[in-house]
Every structure is written in structure tokens, then in C-alpha cells.
Amino acid sequence: MVIVMDYKEIRNPYELYEYMRNNIEYGFYSSLDKKIHKRNETDNYSYENLLFNYYYLQKPEELFKTKAGICYDQVEFERKWFLDHGYEVHTFFTPYHNHCFLVFKDRDYYYLFETCIKDINGIYIGETIEELLDYYKILQNNFDIEFYEYNNVTFGCNFINFISQIIKNEKYILDLQKRMEKQLVKSKNMN
């Protein structure tokens, strides 16, 4: 497989995958200090505090410049490429690890496109979206995962706003905020 280093030369999903593996790091843009933050470069408390309170969903063009984003940013970058190249696209959020990923259709098959979870990164093929979602549960070794398909996001939104646009459940969002607060306290005590 050819590794493409220039975004404009990407011709297919496999080259996009390779481009992202070689050029996009996992991290997030903070609206507080206008910097990219990566977990391995800071303590857990600072990282999670910034992520939960100051995460900023980047436009695909911004991710192209910063070269770092969490799954939310990366999926929007992927969505743009796939739509620009005429693919049918489906994006999914799961509360399991607050993760999202993309599924695209090429000819008669669907493909799960995963770039953010190292242990399962790759492109997986299936005959239906449901088959791929079931396979995702196997990859995660968790058969109780819920999925929420979404199409629109508000660029510039924060972590909670991103999720609340997808899961229209106030109780879930309040519970998530409480879990995030507990996680921050736990991280602070560990540092």
C-alpha cells in the first residue's frame, strides 16, 4: 500500500486511513489556551479538566492545520473527505468511552473506519451497518454497547454540548457531568 503524505493526493479510504495514521495525532484543541493537549504530555487531572471544560470541536480544516484531534474531530475530518468523494456516510456515537466512529458504503458493502482506538484501529467490512455494529461490540468485548447515529454537529462546541446534540436525554447528560466531576476529583487526588 502506498503511504500518501499529501492530503490532496488521497484517492481512496485506505490512503485516507494511512494519511491519518501518519499525520493526525490523538489530542484536543482547548478553547482556554488555544493549544493542543495530549494525554501523554500532561498529568491526568490537567488533561481531563481541560478536555471536559474547554474542549473545542474543530472544523475539518482546523484539524488539518493542528494535526491533532479526539475521535469527535477525526470523524468530522473523515466525514468531509468521504462526502467530498461521493461516499454514503453514517456516523455513530456510543456512550461506551464516549466514542464515535464512521461507517461508509462502497459499492455493495459497508466499512467501519476506526482511527482512534489503537487496539482496534482499521477498516472493517460488512454486508450491513448492523453487522458492523455487532462486530464493533465484539472488538470492544462489550455486548451492551448502545449506538446513536448522528449527522450534524456544531463546530466549536464543547465536550458536553457535542454529546447532548446526539443524545437528547437530559438525565443522561446530567449523569455524565457528575461522572466527569468525580473523575476530575479522582485524577486530582492521584497527582
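The structure we're discussing is the one just above.
Residues numbered from 1 in each chain as written. Predicted model: local features only at pLDDT ≥ 70, side-chain atom pairs only at ≥ 80, totals over all residues. Heavy atoms only, no water.

A.B. asks: Can you help me understand a negative patch on the surface in this one?
C.D. replies: The grouping of Glu127, Glu130, Glu131 and Asp134 at the surface amounts to a negative patch. With respect to the helices, strands and loops of the structure, glutamate 131 is situated in helix α5 (residues 129–140). (Patch = residues over 30% accessible without salt bridge, like charges linked within 9 Å, V, L, I, M, F, W, Y side chains within 5 Å. Areas by Shrake-Rupley, 256 points an atom, 1.4 Å probe, with all protein chains shown as cover. Salt bridge = Lys/Arg side-chain N within 4 Å of Asp/Glu carboxyl O. Lys, Arg positive; Asp, Glu negative; His and termini not counted. Charge placed at Lys NZ, Arg CZ, Asp CG, Glu CD. Helix = DSSP H or I, 4+ residues; strand = E, 2+ residues; numbered from the N terminus.)

A.B. asks: Is there a simple way to think about the state of the cysteines in this case?
C.D. replies: Disulfides are covalent bonds that link the sulfur atoms of two cysteine residues. Tallied over the full model, the rule gives zero disulfides. The thiol of cysteine 71 is not disulfide-bonded; the next cysteine sulfur, from cysteine 100, is found 3.9 Å away. Of the residues examined, cysteine 71 reaches a relative accessible area of 3% and is grouped as buried. The cysteine cysteine 116 is free of any disulfide, with cysteine 71 supplying the nearest cysteine sulfur at 5.3 Å. (Disulfide = S-S within 2.5 Å. Buried < 20%, exposed > 50% of the residue type's maximum accessible area, 1.4 Å probe, protein only.)

A.B. asks: Just to check I follow, could you spell out the sheet that holds strand β5 (residues 109–114) for this structure?
C.D. replies: By way of backbone hydrogen bonds, the strands of a sheet pair with one another, either parallel or antiparallel. As summarised here, the arrangement of the five strands in space is β6-β5-β4-β3-β7, forming an open sheet in which the pairing is antiparallel. The open sheet has two edge strands, β6 (122–126) and β7 (148–150), and neither has a second partner. The average undirected angle you get between the axes of adjacent strands in this sheet is 30°. Two strands pair when backbone bridges link them, and strand β4 (residues 99–106) and β5 are joined in this way by five bridges, in the antiparallel orientation. Following the sheet pairing, leucine 102 is matched in β5 by phenylalanine 113. Helix α4 (residues 71–84) contacts β3 (88–94), β4, β5 and β7 of the sheet and is inclined by roughly 15° relative to β4. (Pairing = 2+ DSSP bridges. Axes fitted to C-alpha atoms, helices over the stretch in contact; angles between N-to-C directions. Contact = heavy atoms within 4.5 Å.)

A.B. asks: Sorry, what's going on with the packing of helix α1 (residues 13–23) against α4 here?
C.D. replies: To characterise two packed helices, one gives the angle between the axes of the helices and the distance between these axes. Between α1 and α4, the least distance of the axes is 11 Å, while the angle of their chain directions is 150°. The angle between α1 and α4 places the two elements in the roughly antiparallel class. Every pair of crossing elements has a handedness; the one defined by α1 and α4 is right-handed. The segment α1 lies against α4, with Pro13, Leu16, Tyr19 and Met20 engaging Gln74, Phe77, Glu78, Trp81 and Phe82. Partitioned by chemical class, the residues of the contact of α1 with α4 number seven nonpolar, one polar and one charged. (Parallel < 35°, antiparallel > 145°, perpendicular 65-115°, else oblique. Left-handed = near helix turned anticlockwise from the far one by under 90°. Nonpolar A, V, L, I, M, F, W, Y, C, P; charged D, E, K, R; others polar.)

A.B. asks: Would you explain the packing of aromatic side chains in this entry?
C.D. replies: Two measures describe an aromatic ring pair: the distance that separates the ring centres and the angle between the ring planes. Within this structure, the stated rule accounts for 28 aromatic pairs. Measuring from ring centre to ring centre gives 5.3 Å for tyrosine 29 and tyrosine 56, while their planes differ by 65°; the resulting arrangement is edge-to-face. With tyrosine 29 in strand β1 (residues 28–29) and tyrosine 56 in the loop between α2 (44–54) and α3 (60–66), this residue pair connects regions lying 27 residues apart in the sequence. What makes tyrosine 29 buried here is its relative accessible area of 18%. Plain terms: the ring middles of tyrosine 87 and phenylalanine 104 are 5.6 Å apart, the flat faces sit at 85° to each other, and that makes the pair edge-to-face. Of this pair, tyrosine 87 sits in the loop between α4 and β3 while phenylalanine 104 sits in strand β4, placing them 17 residues apart in sequence. Assigned by exposure class, tyrosine 87 and phenylalanine 104 land together as buried. Taken together, the ring pairs in this structure connect Phe28, Tyr47, Phe52, Tyr55, Tyr72, Phe93, Tyr150, Phe159 and Phe162 into an aromatic cluster. The ring of phenylalanine 64 is capped by lysine 67, whose NZ or CZ atom sits 4.0 Å from the centre of that ring. (Phe/Tyr/Trp six-rings, centres within 6.5 Å; stacked < 30°, edge-to-face > 60°. Lys NZ or Arg CZ within 6 Å of the ring centre and 35° of its normal.)

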